[in-house]
Amino acid sequence: MLTQRFRGLHRVSAYRYIGSRYLSGKLDTLDHQEKLDELLSTLPPKAKVVICGGGVMGAAVAYHLAERGWGDKTVVVEKERVGGGSRWHSSGLVGAFKPTLAQVRLTQSSVRLLEELESRGRPTGWKQCGSLLLARTRDRMTVYRRMKSQSVSWGIHCELVTPKKCQELWPLLNVEDILGGLWIPDDGVADHHLLCMSLMREAVAKGVGVMEDCSVTAVLSKDDRVCGVETSKGAIECQYFVNCAGFWARQVGQLARPQVKVPLLPCEHYYLHTKPIEGLNPMTPVIRDPDGYIYLRERDGCILAGGFEPIAKPVYEEEITSIAQRCVPEDWDHFHVLLQQLLKRVPSLSQAVLHKLCNGLEAFSPDCKWIVGEVPEMFQYHVAAGMKTVGISAAGGVGQATADEIIDGYTKYDMYELGINRFLGLHNNKRFLRDRVKEVPGVHYGLPYPFHEFETGRNLRLSPIYPTLRDNGAVFGQVMGYERPTWFESLGDTNIDPADKSTKPRPFKIAYTKTFGKPHWFDLVQREYWACRERVGIADYSSFAKIDIQSQGREVVDFLQYLCSNDVDVPIGSIIHTGMQNERGGYENDCSLARISDNHYMMIAPTIQQTRCKVWLKRHLPRNGSVTLSDVTSMYTAICVMGPFTRSLLSELTDTDLAPSNFPFFTFKEIDVGLANGIRAMNLTHTGELGYVLYIPNEFALHVYNRLMTVGEKYGISHVGYYASRALRVEKFFAFWGQDLDTMTTPLECGRTWRVKFDKDIPFIGREALLRQRAEGIRRQYVQLLLTDHDHELDLWSWGGEPIYRDGNYCGQTTTTSYGFTFKKQVCLGFVENLDADGIPQKINNDFVLSGHYEIDIAGIRYAAKVNLHSPNLPTKYPDKERDVYQATRKHHDPQQYLGRHYQP
């Protein structure tokens, strides 16, 4: 028995003896693998699409391409055998809840595919046994209550249950330390090998060619587009390449010319199998106990158990060249943390007979998300990898999305958060990956507190003023590898003597928010907020993406007129805020463009857009090379000074006349500051406060910063972090790309119709879609909601993603939220819809929005909310009549038509 055998054993060799002692003498069902018939004997000379990888992901892409009529245009190459991965190294768990809406929708699509294949007689191993999530702590129960609230938005049936109910659902559970759980009856399990073979057989039947024992040796390009693939069995011309190599996706990326970066690195991952357990119900639910890092499920009358340990063991994937080598020797010492928790949760497991402990390597991305989409280095090279241990949950949805993107150029889901162009080259650095991936698996079952920060792979991209900010109390968050201050501690909060700062640097501190209620940084952020509103705040904006776009003649103007929905042909020195829409009218980018000269613009875009916006620009560049792009993100340190006294402060440091008549709001000038020159100054702040953003050549950054701080002392200048900036912009009702705006959101839906110039001489991308939407009417609207009966000291906070109710009926979700220090209320931004009885969105207008009574559900409690349609007028001690605060969501064309309620203090 397991307990008797494990008692008193501490050596690895003893553990291995136990494992081998109980190996089955007969062929186990999991050792059985089917073979695919009708394989290609030679590669065809041409194909439309070549898919690398015959696993479940490659099979899913091939299946969906075949469903779209591209079967005879598609070839799959597999270096060993189709579906050849070990069935011992797969949990087969299919859970609907995922961290983000896109992953939820893709998983739901996968479940529909499993059910459809089963209905056609194609085996997948699909079993809808349900899953039970357990909670040991109050914070975990809060997570489940939030999930229960979100389930309305996401269409997931679930139920909060008591410890007693947990034990009824799984009688073998020890529930002494359990506070409750979340029961998800529609979850289930499937078999990755059976699914892979069923998908591939369906694909082959519709014309897909499959070549086994065929390795990719190179992916070739011409004019930045895929043109062919070289393999161990010859070359094949193609227009599209799909990297579904899973574990080896990073190495396959390195075979491309130019090389493609696929940031993945494998870790050891464990699966414990018991011998058959008498009386075990085949429909026993899956158990997930995230506070213990573990899961359990029934498989073929046995128990399969595993987990995601907090500190994982990375491996060198170069040493793994075959599927068989992915099964490495077990490390009982490393597995011990999971074994302890398994025996604690199911004590009777100690009486089960061990069959195997399998150590199968799994590859993880540096942010614990899937990697999909077209790569930035080469057009028509797609990736569908990085699914970690849940490829079976992702396969159907990701396969369909990949096929849609190849054929249509877009998907029906907003995929930006999963797109491979969310990465930079630094994320593919092997040393960075080996450092980061140690903590990535643990994120699966970690508590999803707001604003999660990784602790590895830090201190990477640093602005020249980083050491000074750190020594002045900065606590950092990381975005695109950049260390960005989130808030500033008082220097009195540290044991370091300020007098010793020059010789004893302040330690690097990482931001954290380990609560779902009022955070510990509240008072510090409040202090920074009021500095921006009543004195002067200084913030490091260096992480923003900065791109210079130029041409010899007028080509750059025509290029941007085609890409931008606003009119960019503005006077030199003007700044224009504009969206770059896709063919459906959604936002591919939301940016500011400063016209430096006749044929030179500087684009400022969100930090997370650094790779993504360059790809969008590059995709549409004139083929004759008349327009050039230069990523100058790392050339400039951006310092934002904001507050009512910023003009007075900056006037003491420059000879440039800053009067509104010479340097009006939303314009650009190149100025001197202190002794430095060549500083691109923009009269805007991105938060709605008065102020300037100074784009400073790096060699002058520290000098300008020191001058600002020295002269600013008499104006009460204070350092400001990202959280205060976020509070300012949420209170001002400013939408932000990647949080409020995405590829499915149009300017008409978020109150930015006035930024869309339909009558430009050059029709912009998405114009026809927006004209249709304008004629037909919008079906959702961006709003600001102020919680009126919420106690920010005692109640749980809204952190985004909460359902919105209108007159008691579900009508939408929040996007970005913050505490409004002027409102003295929680402020939520989000979209509301006019849903009919069947849940179908109908036309929506201002009257509909303003006539309802709103509530926001935070972890099961609904709080009343007041709705705003546009930017409120916030009271201020220092009104500036010469420079209006920028009204990012106010519509200017017809004040009567778009009149909304203002907040009245």
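Structure: see above.
This is a predicted model, so every value here is computed, not measured.

**Student:** I keep staring at the sheet that holds strand β15 (residues 286-289) and nothing clicks. Help me out?
**Tutor:** Each strand in a sheet pairs with another by means of backbone hydrogen bonds, the pair being arranged parallel or else antiparallel. The sheet built from 9 strands is open, its strands ordered β5-β6-β4-β15-β16-β17-β14-β19-β18 with mixed pairing. Since the sheet does not close on itself, it has two edges, and those belong to β5 (159-161) and β18 (327-328), each with one partner. Sheet analysis places β5 next to strand β6 (residues 180-184), joined by 3 bridges and oriented antiparallel. Among the inter-strand pairings, Val-161 is bridged to a residue of β6, identified as Gly-181. Packing of helix α5 (residues 138-154) onto the sheet brings it into contact with β4 (131-135), β5 and β6, and relative to β4 it is tilted by some 140°. Across the sheet, helix α9 (residues 332-345) touches β4, β14 (270-274), β15, β16 (294-299), β17 (302-307) and β19 (354-360), and the angle it forms with β16 is around 75°.

**Student:** Help me out: how do you make sense of the pattern of salt bridges in this one?
**Tutor:** The full count for this structure, using the stated rule, is 41 salt bridges. The salt bridge partner of Arg-68 is Asp-408, with a shortest N-O separation of 2.9 Å. Residue Arg-68 is found in the loop between α3 (56-67) and β2 (74-77), and its partner Asp-408 is found in helix α10 (residues 391-408); the two are separated by 340 residues along the sequence. The residue Glu-298 makes a salt bridge to Lys-127 at a minimum N-O spacing of 2.6 Å.

**Student:** I would appreciate a short explanation of the sheet that holds strand β10 (residues 225-231) in the present structure.
**Tutor:** Across the sheet, which stays open at both edges, the 3 strands sit in the order β9-β10-β11 with antiparallel pairing between neighbours. Where the open sheet ends on each side, the last strands, each with one partner, are β9 (216-222) and β11 (234-237). Averaged over neighbouring strand pairs, the angle between their axes works out to 20° when direction is ignored. As paired elements, β10 and β11 share 4 bridges and run antiparallel to each other. Note on β11: the bridge partner recorded for Glu-230 is Ala-235.

**Student:** What is the right way to look at the pairing of strand β21 (residues 371-374) in this model?
**Tutor:** Within a regular strand, the side chains alternate between the two sheet faces. In this sheet, strand β22 (residues 381-385) lies alongside β21 in antiparallel orientation, the contact comprising 4 bridges. Note that in β22 the partner of Glu-374 across the bridge is His-382. Where β21 hands over to β22, the hairpin turn is made up of 6 residues, of which Gln-380 adopts a positive phi near 70°.

**Student:** Would you explain unusual backbone geometry in this entry?
**Tutor:** What you tend to see is this: most non-glycine residues have negative phi, and most peptide bonds are trans. The linkage connecting Arg-257 with the following residue, Pro-258, adopts the cis geometry, with an omega of 0°. Position of Pro-258 among the secondary structure elements: in the loop between α8 (249-253) and β13 (265-267). Positive phi values are uncommon outside glycine, yet Met-480 reaches one of about 50°. For Met-480, the position within the fold is in the loop between β23 (474-479) and β24 (482-488).

Quick notes on the rules
Residues numbered from 1 in each chain as written. Predicted model: local features only at pLDDT ≥ 70, side-chain atom pairs only at ≥ 80, totals over all residues. Heavy atoms only, no water. Pairing = 2+ DSSP bridges. Helix = DSSP H or I, 4+ residues; strand = E, 2+ residues; numbered from the N terminus. Contact = heavy atoms within 4.5 Å. Axes fitted to C-alpha atoms, helices over the stretch in contact; angles between N-to-C directions. Salt bridge = Lys/Arg side-chain N within 4 Å of Asp/Glu carboxyl O.

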